[in-house]
There are 2 protein chains.
Amino acid sequence: MNNIAVILVNPQMGENIGAAARAMLNFGLKDLRIVNPRDGWPNQKAIDMAKGAREVVDNARVFFSIEEACHDVEKLYATTARRRDMNKMIVSLPDLPELITQNDNLKSAIVFGCEKSGLTNSEIALADAIINIPSSEEYGSINLAQAVNITCYQLFISEYEFSNEQFKSEDVCNKEQLHNFLEVLESELEKGSFFKNKDKKDSMSLNIKNIFSRSNLTNQEVNILFGIIKSLTKKR
Amino acid sequence: MNNIAVILVNPQMGENIGAAARAMLNFGLKDLRIVNPRDGWPNQKAIDMAKGAREVVDNARVFFSIEEACHDVEKLYATTARRRDMNKMIVSLPDLPELITQNDNLKSAIVFGCEKSGLTNSEIALADAIINIPSSEEYGSINLAQAVNITCYQLFISEYEFSNEQFKSEDVCNKEQLHNFLEVLESELEKGSFFKNKDKKDSMSLNIKNIFSRSNLTNQEVNILFGIIKSLTKKR
């Protein structure tokens, strides 16, 4: 991620620059370059919106042209929302990480156009490839900071090792405790004439066992359940 | 996507509500529900930020509690940036689409907490699963609208059929034209004593052939290249 820069070309609103900086740092990018920001630089609104990503705003570099901004860049990727008829490789954003990984020893930059109209065709012509940001056909106009945000997110998750898990507790109850609870519950249900229909008792009992067996209960939670039964049966 | 709602709990800034609405429509979601917006409702800042997603703001429903907001929801997913120690399935955002697809006949909602502190533990306790939004360890505080944005993007791209492609032109030049050009180029280079070092002529010639052969040139572009040679050799 250290080898990837974000270039904003002619951004209009400081708020978007700041929000883009925040999104960059959220996903591990720090090299922000700005070509001709409309309202000059530094910009207080950018600082305010960046919140904890102040360092990205403070270290941002401002240039007079896209050519200057990418002087040390070896691979330049131009983002677009709508299709451009240009003789150039078009890659959907979800596949950008793979493209960058193919050249991961090279300095890359991802370029974003201004809020109003995106990149011009002559800016896109400078790029090695066009990055198409997928969006709904109904409304494809993505806010500048949001475009930077999903691009950085897409790059980040391709490197991030994530895992899905049940919460791991040291305190998971053992089966004996669970069965003790189920016995107490059934016995109290018998007393309360819960199993009126004898034919359905077995399937009812099975359902109850299922509910609590799949719930990954901790000792603490089983104790709470014991307490609930005790409390509910107090008046009998 | 029609079966997925976004619920914002106690959002503070109208700008974030509007930006979230815009991101939703960018990625095909429309069902926005808001629990106790701090600054009341409707909110002009939300309307302004939503831009072309005005319909999402106009159709948003406001509730007094998260329980009311999800009354018709069958699967509730609570988003968090930091880990919570709660006995509940934790799924990383990139795997949320798969989780939703497993229940795609059910009404789902994704819940986002307020800007300052996210969802409370008691709000998370209502959810079927916790959705962890991956972010950098250095700065994990994601703006509310940005969190909605990447969540909607992640859902959208899982359904979206994207393809990477070279620009397909009807006008791609055939090899004869390309070879004609290469011949003219080489002959002019000979005249200009480009191949001074006879030992290197073959590898030089190979390189030149390579450059133009991999460039997916159109007829129009080959004509431009002919013109360039003509123009450059005019003074001889």
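Everything numeric in this text was worked out from a predicted model, so none of it was measured.

A.B. asks: Describe in detail the packing of helix α1 (residues 14-26) of chain A against helix α7 (residues 144-159) of chain A, supporting the description with residues and values.
C.D. replies: Residue and element names in this part refer to chain A. Between α1 and α7, whose axes approach to 8 Å, the crossing angle comes to 10°. Compared by their axis directions, α1 and α7 come out roughly parallel. Contacts between α1 and α7 involve N16, A19, A20, A23 and M24 on the former and, on the latter, L144, A145, V148, N149 and C152. A breakdown of the residues in the contact of α1 with α7 according to their chemical character gives eight nonpolar, two polar and no charged.

A.B. asks: Just give me the short version of the environment of A109 of chain A, but keep the residues and values in it.
C.D. replies: Within the secondary structure, A109 of chain A sits in strand β6 (residues 108-112). Sequence separation between A109 of chain A and E74 of chain A is 35 residues, and the spatial gap between their C-alpha atoms is 8.1 Å.

A.B. asks: Summarise the interface of chain B and chain A; cite the residues concerned and give the values.
C.D. replies: One widely used convention gives an interface's size as the accessible area the parts lose upon coming together. Contact residues are listed per partner, giving 55 residues for chain B and 55 residues for chain A. Taking both sides of the interface into account, the surface hidden between chain B and chain A amounts to around 4,400 Å²; carbon and sulfur atoms contribute 50%. On the surface where chain B and chain A come into contact, there are two salt bridges. Among the salt bridges present, the one from K30 of chain B reaches E138 of chain A, with a minimum N-O distance of 3.0 Å. Going through the elements one at a time, α1 (14-26), β5 (89-92), α7 (144-159) and β8 (165-166) of chain B are the ones with two or more residues in the side of chain B that touches chain A. The element that contributes the greatest number of residues to the side of chain B that touches chain A is α7 of chain B, accounting for eight residues. Its residues assigned to classes, the side of chain B that touches chain A shows 24 nonpolar, 20 polar and eleven charged.

A.B. asks: Talk me through the nonpolar core; I want residue IDs and the actual numbers.
C.D. replies: L32 of chain A together with L32 of chain B are the most contacted members of the largest nonpolar core, which totals 82 residues. Not counting the four nearest positions on each side in its chain, L32 of chain B is found in contact with V6, L8, I17, A21, M24, V56, N59, A60 and R61 of chain B.

A.B. asks: Hey, could you go over the pattern of salt bridges for me, with residue numbers and the actual values?
C.D. replies: Residue and element names in this part refer to chain A. This model, assessed by the stated rule, comprises 22 salt bridges over all chains. When the shortest N-O distance is used, the salt bridge between E190 and K201 registers 2.4 Å. With E190 in helix α8 (residues 175-191) and K201 in helix α9 (residues 201-213), the pair connects residues that are eleven residues apart, well separated along the chain. What makes E190 partly exposed here is its relative accessible area of 33%. On the basis of relative accessibility, which here comes to 23%, the residue K201 falls in the partly exposed class.

A.B. asks: Outline the confidence of the model for chain A, supporting the account with residue identities and numerical values.
C.D. replies: The predicted model of chain A has a mean per-residue pLDDT of 90, with 96% of residues at 70 or higher. Complex prediction metrics read pTM 0.85 and ipTM 0.85.

A.B. asks: Describe in detail the packing of α8 of chain A against α9 of chain A, supporting the description with residues and values.
C.D. replies: All names here are of chain A. At their nearest, the axes of α8 and α9 sit 11 Å apart, and the two run at 140° to each other. Accordingly, the angle class assigned to the pair α8 and α9 is oblique. When you trace α8 past α9, the crossing you get is right-handed. Residues K175, L178, F181, L182, L185, E186, L189 and E190 of α8 form the contact with α9, whose participating residues are K201, S205, I208, K209, F212 and S213.

A.B. asks: So what's going on with a nonpolar patch on the surface? Which residues, and what values?
C.D. replies: All names here are of chain A. There is a patch of nonpolar side chains on the surface, built from I224, I228 and L232 and spanning about 310 Å² of accessible area. Relative to the helices and strands, I228 is located in helix α10 (residues 219-232). Residue I228 is classed as partly exposed on the basis of its relative accessible area, which comes to 41%.

A.B. asks: Any details on the relation of the copies chain B and chain A? Residues and values, ideally.
C.D. replies: Of the two same-sequence chains, chain B is brought onto chain A (RMSD 0.1 Å, axial shift 0.0 Å) by a rotation of 180°. Interpreted geometrically, this transformation is the action of a two-fold axis. Ranked by how close their C-alpha atoms come to the rotation axis, the residues of chain B are headed by I150 of chain B, at 2.8 Å. Mapped onto chain A, 100% of the interface residues of chain B are again interface residues, and the two copies thus contact each other with one and the same surface.

The rules behind the values
- Residues numbered from 1 in each chain as written.
- Chains lettered and ligands numbered in written order.
- Predicted model: local features only at pLDDT ≥ 70, side-chain atom pairs only at ≥ 80, totals over all residues.
- Heavy atoms only, no water.
- Axes fitted to C-alpha atoms, helices over the stretch in contact; angles between N-to-C directions.
- Helix = DSSP H or I, 4+ residues; strand = E, 2+ residues; numbered from the N terminus.
- Parallel < 35°, antiparallel > 145°, perpendicular 65-115°, else oblique.
- Contact = heavy atoms within 4.5 Å.
- Nonpolar A, V, L, I, M, F, W, Y, C, P; charged D, E, K, R; others polar.
- Buried area = accessible area lost by both parts, 1.4 Å probe.
- Salt bridge = Lys/Arg side-chain N within 4 Å of Asp/Glu carboxyl O.
- Core = buried A, V, L, I, M, F, W, Y, C linked by side-chain atoms within 4.5 Å.
- Buried < 20%, exposed > 50% of the residue type's maximum accessible area, 1.4 Å probe, protein only.
- pLDDT = per-residue confidence, 0-100.
- Left-handed = near helix turned anticlockwise from the far one by under 90°.
- Patch = residues over 30% accessible without salt bridge, like charges linked within 9 Å, V, L, I, M, F, W, Y side chains within 5 Å.
- Areas by Shrake-Rupley, 256 points an atom, 1.4 Å probe, with all protein chains shown as cover.
- Least-squares fit on C-alpha atoms with pLDDT ≥ 70 in both.

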